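Topology and contacts: notes
So you can see what is in the structure, the chains are spelled out below.
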Amino acid sequence: LYGEILFNIKDGVIYPNILVYDKPWYRDAAITGMVLELTNNTSIIEKWINIIENIYDYQNKGTKETDNLGELLYLASLTKNRNTKLINNIQKE
C-alpha cells in the first residue's frame, strides 16, 4: 500500500491514480498526507501544499464539496510554512 501511495505522487502532487486522473483530489491527498506524516515523509508534498490556491477540487460533478475544506486544513497542518492565503480563504468560506 505504501508503494502505491508513493507511486501516485507525481512532481510532489498527489493523485488518486496517476494513470487515470489528471487532477489531484483533496480527499486522496489528505489520506496520503496521513501516511506520509506517519512515515516522516511530508516533505515530498510540502511544496505542492503551499501553492494550492483553490479551496475546492470540483471533482464531484463540479460541485463544492464541504469536506475539501477540512482536508485542506489538515494538509496545511503538515507544512512548516503554512499556506496562510489558503487558510484565510477557507476561514472566509
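Our subject in this report is the structure included herewith. (Residues numbered from 1 in each chain as written. Predicted model: local features only at pLDDT ≥ 70, side-chain atom pairs only at ≥ 80, totals over all residues. Heavy atoms only, no water.)

**Overview of the overall build of the protein**
Rule in force here: Numbering of helices and strands starts at the N terminus; helices are DSSP runs of H or I of at least 4 residues and strands are runs of E of at least 2. Radius of gyration: C-alpha atoms only; globule rule: 2.2 Å multiplied by the number of residues to the exponent 0.38. Three labels apply to residues, based on accessible area from a 1.4 Å probe with only protein chains included: buried if under 20% of the type maximum, exposed if over 50%, partly exposed otherwise in between. Residue contacts are counted whenever heavy atoms from the two residues lie within 4.5 Å of one another.
Of regular secondary structure, the protein possesses 5 helices and 2 strands. Along the protein, helices (α) and strands (β) appear in the sequence α-β-β-α-α-α-α when read from the amino end. Its C-alpha radius of gyration of 12 Å places the protein within 12% of the 12 Å reference for a compact globule of 93 residues. A principal-axis box enclosing the C-alpha atoms of the protein has dimensions of 35 × 30 × 20 Å. By the burial criterion, 42% of the 93 residues in the protein qualify as buried. Once local pairs closer than 6 in sequence are excluded, the contacts in the protein between residues at least 24 apart make up 58%.

**Topic: the packing of aromatic side chains**
For clarity, the cut-off: Within 6.5 Å between ring centres, the rings of Phe, Tyr and Trp (the latter by its six-membered ring) count as paired, and their orientation is classed by plane angle as stacked under 30 degrees, edge-to-face over 60, tilted in between.
In the structure shown here, the tally under the stated rule is 2 aromatic pairs. Aromatic pair Y21 and W25: ring centres 5.4 Å apart, planes at 75°, arrangement edge-to-face. A centroid spacing of 6.0 Å and a plane angle of 55° characterise the contact between Y56 and Y58, whose relative ring orientation is tilted. Residue Y58 is classed as partly exposed on the basis of its relative accessible area of 37%.

**Brief notes about the side chain of T79**
For the record, the criterion: Two N or O atoms count as a polar contact when they lie within 3.5 Å, although within protein this holds only if one can serve as hydrogen donor and the other as acceptor, and sequence-adjacent residues are included solely when both atoms are side-chain atoms.
Its place among the elements puts T79 in the loop between α4 (67-77) and α5 (84-92). At 2.9 Å, the side chain of T79 and the backbone oxygen of A76 are in polar contact. At 3.5 Å, the side chain of T79 and the backbone oxygen of N81 are in polar contact.

**A few points about the pattern of salt bridges**
Stated formally: Whenever a carboxyl oxygen of Asp or Glu lies within 4 Å of a side-chain nitrogen of Lys or Arg, that contact is scored as a salt bridge.
Per the counting criterion, the structure on display carries 1 salt bridge. Notably, a salt bridge pairs R27 with D28, separated by 2.8 Å at the nearest N-O pair. Under the relative-accessibility criterion, R27 is labelled partly exposed at 39%.

**Considerations on unusual backbone geometry**
Of note, N40 is a non-glycine position whose phi angle comes to about 55°, a positive value. Positionally, N40 belongs in the loop between α2 (26-38) and α3 (43-51). On the accessibility criterion, N40 (69% relative accessible area) is exposed. If you check the backbone angles, Y58 has positive phi at about 55° while not being a glycine. Position of Y58 among the secondary structure elements: in the loop between α3 and α4.

**Concerning α3**
Among all positions of α3, only I45, E46, W48 and I49 are buried. Turning to α3, the residues buried within the fold contact β1 (9-10), β2 (13-14), α2 and α4.

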